[in-house]
Amino acid sequence: MFKRAILGTALALGILTVGFVQLADQPFKNVEASEIQQHIQKSSLQVRLEMLELSVMPTTAEEAVQTFAKAVKLRNGALQYAILSEKEKAKVKKSFEECHWVTGVSSPWVETYQIISEKELKPGTKMEYVVEFELYTSTGMAGTDEVRLIMEKTNDQWLITKIEPASKKSLGIWKPF
């Protein structure tokens, strides 16, 4: 019994030591309590972020388009990012981070939006939408902007796999600036 207790204690200390060494990213570095707390906090924030992203994950193509358009209107790059495919996320992450997850510009702003076309590219798994955004400034209507979105179904989720201007006159109001 005594041998088991010693073995269990040694094993627990070994596991803790390995965790601290990995946390410190340097072998045998003294780890301050504040560093441990930061690591725990970061993990907690990462889990919270993942849970928030999961909660807004669209289950229909229409929902994905509406979520994207709403995020553009709100200038919320984090919400736009959440519904992108991994490939699209890789393309925009740096620019979104540099703009602190704010997209578009303060003026003109998006007042309203509407889906102006919808096309099924692959039955039940791939769709194309064109969304038109009405832009306003303090002096009134400032024109429109259009975006083409390609959506693909992955498992039970619809993700945006491509974002591009829908016309040559497009401003790219959905992009970070």
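Quick look at the structure, then. (Residues numbered from 1 in each chain as written. Predicted model: local features only at pLDDT ≥ 70, side-chain atom pairs only at ≥ 80, totals over all residues. Heavy atoms only, no water.)

Comments concerning the side chain of Thr67
Mapping Thr67 onto the fold places it in helix α3 (residues 61-74). Judged by its relative accessible area of 14%, Thr67 falls in the buried class. With residues up to four places along the chain from it excluded, the contact list for Thr67 reads Leu79 and Ile83. (Helix = DSSP H or I, 4+ residues; strand = E, 2+ residues; numbered from the N terminus. Buried < 20%, exposed > 50% of the residue type's maximum accessible area, 1.4 Å probe, protein only. Contact = heavy atoms within 4.5 Å.)

Remarks on α3
Since the α-helix advances by 3.6 residues per turn, residues separated by three or four positions end up pointing in the same direction. Taking 1.5 Å per residue, 14 residues should reach 20 Å; α3 reaches 20 Å between its end C-alpha atoms and fits that length. Of the surrounding secondary structure, the elements contacted by the buried residues of α3 are α4 (77-82), β1 (109-122), β2 (126-137), β3 (140-154) and β4 (157-165). Following α3 by one or two positions, Arg75 adopts a phi angle in the positive range, close to 60°. (Expected span 1.5 Å × (residues − 1).)

Examining the sheet that holds β4
Spatially, 4 strands are ordered β1-β2-β3-β4 in an open sheet, and the strand pairing comes out antiparallel. Each end of this open sheet is capped by a strand with a single partner; those strands are β1 and β4. Averaged over neighbouring strand pairs, the angle between their axes works out to 25° when direction is ignored. For β3 and β4, the ladder comprises 8 bridges, and the chain directions are antiparallel. Residue Val147 lies in a different strand from β4, and its bridge partner there is Pro165. Against the sheet, α3 makes contact with β1, β2, β3 and β4, and its axis sits at roughly 155° relative to β1, the strand it touches most. (Pairing = 2+ DSSP bridges. Axes fitted to C-alpha atoms, helices over the stretch in contact; angles between N-to-C directions.)

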